[in-house]
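Take a look at the letters that make up each chain.
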Amino acid sequence: MGISISHSDDLNSNEPLQKFIGEEHIKADDPFWNTFLSFSLKPPASIEDDKNQETRFKAIYESLFTNNQKSGNVRSLINVFLNRLSEKLVSSQTATDTFSWQLYNALLVSRCYFKFIVQRIRDPELLNHIDSVGEGITANDSALSRYLDGLVDLLVHLPISDSTYALHLEAINNLLALLSVQLFTTQPAAHLQIYRWVMECNQAEGLVRNLLSRYVEQSKPPPSAGGSLFIGLASELWNLLSFSSATNEEADSSSLANQSALLLLVLANHCTAEHNPYRDALVSYADNMSVLFTTICKTLKKEETMLILYHLLHRNSHFKTYLLARSDIELLVVPMLQTIYNTPENNCHHMYMSLIILLILTEDNLFNKTIHSTMLKNISWYTDRLIPEISLGGLLILVTSRTVQYNLLKMRDKYLHTNCLAALANMSAQFSNLHPYVCQRLVGLFEVLAKTHARANQETSAIEEALRILLEIINSCLTHQLLHNTDLVYTLLYKREVFQPFRSHPAFQDIVQNISMVIEYFTARLAKSDVESNDVEEVLGFVRHAALQWPQDRLKKFPELKFKYVEEEKPEEFFIPYVWTLVTQHSGLYWNPSLFKQC
């Protein structure tokens, strides 16, 4: 029924294709479009495939680019799409498979060409190129602005079904292709006409709701159905995002959910200095919180999910309140800790976002209390030591302490260890019943940094700052929770010589005074007893008993340790390159990286 495009030598002999890219103007109501849009072209199955297809069609795109100034056929194609979309929205239940197939092909052709030209010309030349026919065209009459509106109409108003799944997916790909103009310029998005149109969209809230719904649903592409040409074609899109390096888990994910998440992040992270209706919609979103929470927990290994969680937790009070009220918060926190624990050196951004989210969570005292009463068993991914049972709070301390040590001694990224220490500081007043190994690692971290500080010949400000905060964390725990952390007291007694050099150090002596007082008190009580110092259980038992007589008012009071996450003054400088890196890596779409100005 359709025209199959399967070999490179088909392109020059394909009459409808040659007519479309030629100089002759084709009106939107010409029967030609029924023939032209009835082609069969298997979508690329990988980023490499998309790159190869772009190379194969390069001469076609260049001819269209040259001749469109005279023919205006790109504008005609847009009008054909808008006319057919209007019919589809009115009669979505009765539209034939052939009609949907041709509508999809119009989207596919448009997306491929737009992705080609955004890499070649810049705004506003891009707009002039598409609106090449007709004098006195206004912004409201611009074919591109109407096309953007049409894509949003499709995503907001066309119900998801087996026969529309591919339409939704390709509409999102079109928006990503057009918005990728940001990749090829150093101009702020707010100065680009495409972004101005998108930010003026009166359906922004509806679009955000629908993108979040697609993300939450995680719906798979429709199964192949015999006799239905379009559904059969749609089922081939299953592999659209499964590029060659993908894991089995990635290949088994929802392509529509993935693209929806990426588009949502692009929309929410541009034009943040001005009014951004997509960001506003995320702030006010309050639907399906339970399902949203479950989906986030299941997909936290994806960086897109971590960014969505960040925006919801940082800005959406409804979601934050709901999340912190959950009794199963470990479903969220454990995967985040696993991400931090396993994140390779070359992907700090993923670790950053995980740590920022943890910092935001630790601003809440109820969260800090809850995690120390939530017990976990057999955490298999934590391989530093086998721990049959540990509290969620203890696991958080282990992972963040490990990250601080690794970062300060190897990566030396101040932003990274500062967030870790801030999260530990926020929790410190609620530390409770810490596992002996957790106490060893916490004091051990101080010991390692103290030795590094002692032999350092270079600038040691980062090490000194970390040492100071660690002392404050230990002091805060002793001040508020000594009775419930006798294993920490035992560890301090065992490692008391580590703290001795800091008692006279001007940068530390005030805070070390409290720790020294605790060490001296228990050492003196122990010396007067008959307890054997090499019998661990006997010493621990004595410490627990002596803690009952500990005079809590003896320690000097310090201001409560509380750190609050504050977003950078110009968040776009971090988020825009990061978001586009995710799009170029995970969308299944190819752009020439040598032309990038952002990633």
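Residues numbered from 1 in each chain as written. Predicted model: local features only at pLDDT ≥ 70, side-chain atom pairs only at ≥ 80, totals over all residues. Heavy atoms only, no water.

Q: Teacher, can you tell me more about the environment of A177 here?
A: Here A177 is to be found in helix α10 (residues 165–179). We classify A177 as buried; its relative accessible area is 0%. Placed 58 residues apart in sequence, A177 and Q119 show a C-alpha to C-alpha distance of 9.9 Å. (Helix = DSSP H or I, 4+ residues; strand = E, 2+ residues; numbered from the N terminus. Buried < 20%, exposed > 50% of the residue type's maximum accessible area, 1.4 Å probe, protein only.)

Q: Is there a simple way to explain the side chain of T164 in this structure?
A: If you trace the backbone, T164 turns up in the loop between α9 (143–157) and α10. T164 gets classed as buried once you look at its relative accessible area, which sits at 3%. Not counting chain neighbours up to four residues away, the residues in contact with T164 comprise K88, L158 and P159. (Contact = heavy atoms within 4.5 Å.)

Q: What is the right way to look at the nonpolar core in this model?
A: One recurring pattern in soluble globular proteins: nonpolar side chains tend to sit buried together. By size, the foremost hydrophobic cluster in this structure holds 209 residues, and its most contacted members are L332 and F522. Beyond its immediate chain neighbours, meaning those up to four positions away, F522 contacts L482, V489, L493, F542, V543, A546, A547 and W550. (Core = buried A, V, L, I, M, F, W, Y, C linked by side-chain atoms within 4.5 Å.)

Q: Can you help me understand the packing of α9 against α10 in this one?
A: How two helices pack is summed up by the angle between their axes together with the distance between the axes. In the contact formed by α9 and α10, the axes pass within 9 Å of each other and the chain directions differ by 145°. Crossing of α9 against α10: the hand is left-handed. Here L144, Y147, L148, L151, L154 and L155 of α9 lie close against α10, whose contacting residues are L167, H168, A171, I172, N174, L175 and L178. (Axes fitted to C-alpha atoms, helices over the stretch in contact; angles between N-to-C directions. Left-handed = near helix turned anticlockwise from the far one by under 90°.)

Q: I'm lost on a negative patch on the surface in this one. Help?
A: The grouping of D530, E532, D535, E537 and E538 at the surface amounts to a negative patch. For E532, the location among the structural elements is in the loop between α29 (509–527) and α30 (536–547). (Patch = residues over 30% accessible without salt bridge, like charges linked within 9 Å, V, L, I, M, F, W, Y side chains within 5 Å. Areas by Shrake-Rupley, 256 points an atom, 1.4 Å probe, with all protein chains shown as cover. Salt bridge = Lys/Arg side-chain N within 4 Å of Asp/Glu carboxyl O. Lys, Arg positive; Asp, Glu negative; His and termini not counted. Charge placed at Lys NZ, Arg CZ, Asp CG, Glu CD.)

Q: Help me understand the packing of α29 against α30 in this model?
A: Between α29 and α30, whose axes approach to 11 Å, the crossing angle comes to 115°. Considering how the two elements wind past one another, α29 and α30 form a crossing that is right-handed. Where α29 approaches α30, its residues Y521, F522, R525 and L526 are matched on the opposing element by V539, F542, V543, A546 and A547. Residues belonging to the contact of α29 with α30 are distributed by class as follows: 8 nonpolar, no polar and 1 charged. (Nonpolar A, V, L, I, M, F, W, Y, C, P; charged D, E, K, R; others polar.)

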